[in-house]
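Residues per chain are reported as follows:
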Amino acid sequence: YRNTFLQEGFDLDSYADELPEVWIYVQQNPVPASPDYPIAQSYVDVMLRGCLTISKDFAHEFIQTTKGWHPAELSDDENDDSSQTSSGASSSNDDMEEGWWVDDRKDPIYVRADSEYSLRHSDKIDKLLEEHLDDTFQARVRRGKTQVQRRKPQQ
């Protein structure tokens, strides 16, 4: 990752009386999310919490301009724009393996997660994401849902 001060690309002047300092982390070699390396909702919540401290408009713009919400956005064969949704994702999630975006709020993957904040504000954050990400957000799964957990028979 490269730590970058955000100066261009966002109209930050319209979001606050004082120009906020916004730093972003940019992946040098972006790799699509997968079940082995999923998008953790706990991390998304931390990012959106920061955006919302600036303004709701800034959070909207952050969601709209971030690439990689759907694995197809970062894949090499993204040339056919005709089958993509407004978020840039494939119009069908049927061909994607489940589990590339997990709702881990109750059992966070992200080590700096704030579960209390995430759970308290989940409806607001989910509504914000759903508003911009259509089917992509609907493909999110609860952590463990796609994993078969076998229990030992009781004796």
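On a predicted model such as this, the values are computed, not experimentally measured, just so you know.

Oppositely charged side chains can pair when the atoms bearing their charge come close. Tallying each qualifying case throughout the model produces six salt bridges. With its nearest N and O atoms 2.5 Å apart, the salt bridge here joins Asp 114 to Arg 49. Separated by 65 residues along the polypeptide, Asp 114 in the loop between strand E4 (101-103) and helix H3 (115-120) and Arg 49 in helix H1 (residues 41-54) bring together distant segments of the chain. In this structure Asp 114 comes out as partly exposed when scored by relative accessible area, which is 29%.

Its location among the elements puts Asp 103 in strand E4. Filtering out sequence-adjacent residues up to four positions away, Asp 103 remains in contact with Gln 41, Arg 140, Val 141, Arg 142 and Arg 143. Here the side chain of Asp 103 touches Arg 105 through a polar contact of 3.2 Å, landing on its backbone nitrogen.

Glancing now at the sheet that holds E4. In any sheet, the strands associate via hydrogen bonds between backbone groups, in a parallel or an antiparallel arrangement. As summarised here, the arrangement of the three strands in space is E3-E4-E5, forming an open sheet in which the pairing is parallel. Since the sheet does not close on itself, it has two edges, and those belong to strand E3 (39-40) and strand E5 (141-142), each with one partner. As judged from the two bridges shared by E4 and E5, these two strands associate in the parallel manner. Bridge pairing in E5 places Val 102 opposite Val 141.

Conventions and cut-offs
- Residues numbered from 1 in each chain as written.
- Predicted model: local features only at pLDDT ≥ 70, side-chain atom pairs only at ≥ 80, totals over all residues.
- Heavy atoms only, no water.
- Salt bridge = Lys/Arg side-chain N within 4 Å of Asp/Glu carboxyl O.
- Helix = DSSP H or I, 4+ residues; strand = E, 2+ residues; numbered from the N terminus.
- Buried < 20%, exposed > 50% of the residue type's maximum accessible area, 1.4 Å probe, protein only.
- Contact = heavy atoms within 4.5 Å.
- Polar contact = N/O pair within 3.5 Å; in protein donor to acceptor, adjacent residues only side chain to side chain.
- Pairing = 2+ DSSP bridges.

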